[in-house]
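Structural overview
Read off the chains here:
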Amino acid sequence: MPVSPPPVPSRFAPVPFPPSARKAAVTALRAAGCVFAEDEAGLILATARTEREITDLVARRATGLPLEHVLGWAEFHGRRVAVEPGVFVPRRRTEFLVDQALAQVPDASVVVDLCCGSGAVGAALAAALGPVELHAADVDPAAVRCARRNVEPLGGHVHEGDLFSALPAALRGRVGILAANVPYVPTGEVGLLPPEAREHEPLVALDGGADGLDVLRRVAIGASEWLAPGGCLLVETGEHQSPAALAAFTGAGLTARLAAHEELYAHVVIGERSQVY
């Protein structure tokens, strides 16, 4: 069973379980084909409250359910983020988008997280910036429910709807950071994704259209009227899509550049409002 490397271990102190519980978990996970059985067992033991729960979590993981969905959380930008079955799991590479946003607009007072999924990006930005007006939006009702768990404790608001149409009109011209972790897998390549993604994450969070840039283009076209002076739009994309993504930003009237992180294999297109609206 192909798997992704497990998330960074939580800093929360685990319940002390006997060595036999860990050994049994590792054995079961290895039998299910989990490449990172030792690490995954450690995370399951750090999350579980009873040995019965360990058994239940291991059994769910053995069916192929993503580890983060089994645990109910993912580690993202130093925070534990709630993640529910059927909701897109935040990737470690997307932490680079958060870092770029903080470097670009370190004094942002209004943050919007479009295509928010679990709300991990918006929550990370709000946690790093301090008191901000935070809004997150997604078209998927399951994502909206999950995002509320992560965003509302920070004083943020989560909206259900299609991109900008979900946002309060009062945000126009006021957004300092507009983060949009849009779907960018070309339709023809969705079937090539690992089973954990294509079988357990919503298609709407993965499929970006024929060339993977359908949603990115829509976000770029609408961004300028929402950005504040000095505000920026940040969108993650694939390496081979970067030239077309930059062109989409420029064509939408944004001053665009590409930031890349080789180790994380992360590519973020950053656009600034280049004219006053």
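Right above here is the structure, for reference.
Below is a summary of the structure that appears in this document. Numbering of residues starts from 1 in each chain and follows the order in which that chain's sequence is written. This being a predicted model, a pLDDT of at least 70 is required before a residue's local features are given, and a value of 80 or more before pairs of side-chain atoms are given or counted; all residues contribute to the totals for chains, interfaces and linings. Think of the side-chain values as coming from all heavy atoms in the structure, minus any hydrogens and water.

Another aspect to go through is the nonpolar core. By size, the foremost hydrophobic cluster in this structure holds 32 residues, and its most contacted members are Phe76, Val98, Val121, Leu125, Leu129, Ile177 and Leu234. Put simply, DSSP marks the helices as runs of H or I at least four residues long and the strands as runs of E at least two long, and each gets a number from the N terminus on. Ranked by residue count, the leading element in this core is helix H6 (residues 120-129), at six residues. A contact between two residues is defined here by any heavy atoms of the two lying within 4.5 Å. With residues near it in sequence (within four places) discarded, Phe76 still touches Val81, Pro90, Arg91, Thr94, Glu95, Val98, Ala120, Val121 and Ala124. Take the buried Ala, Val, Leu, Ile, Met, Phe, Trp, Tyr and Cys residues and link them wherever side-chain atoms come within 4.5 Å; each set so joined is a nonpolar core. The rule is simple: take the accessible area with a 1.4 Å probe, protein chains only, and divide by the maximum for that residue type; under 20% is buried, over 50% is exposed, in between is partly exposed. Grouped together as the second largest cluster of nonpolar side chains are 30 residues, Leu114, Ala220, Leu233 and Val235 included.

Pairing of aromatic side chains requires ring centres within 6.5 Å, counting the rings of Phe and Tyr and the six-membered ring of Trp. Pairs whose planes differ by under 30 degrees are stacked, by over 60 edge-to-face, and all others tilted. With the rule as written, the count across this model stands at one aromatic pair. Both rings, one in Phe164 and one in Trp226, keep their centres 5.6 Å apart while their planes meet at 15°; by these two values the pair is stacked. Linking Phe164 in the loop between strand S5 (157-160) and strand S6 (175-180) with Trp226 in the loop between helix H9 (214-223) and strand S7 (227-237), this pair joins segments that are 62 residues apart in sequence. This pair shows no difference in class: Phe164 is buried, exactly as Trp226 is. Charges are assigned to positions over rings by a cutoff of 6 Å between ring centre and Lys NZ or Arg CZ, combined with an angular limit of 35 degrees from the ring normal. Residue placement shows Arg80 over the ring face of Trp73; its charged tip is 4.3 Å from the ring centre.

That is the geometry; function is a separate question.
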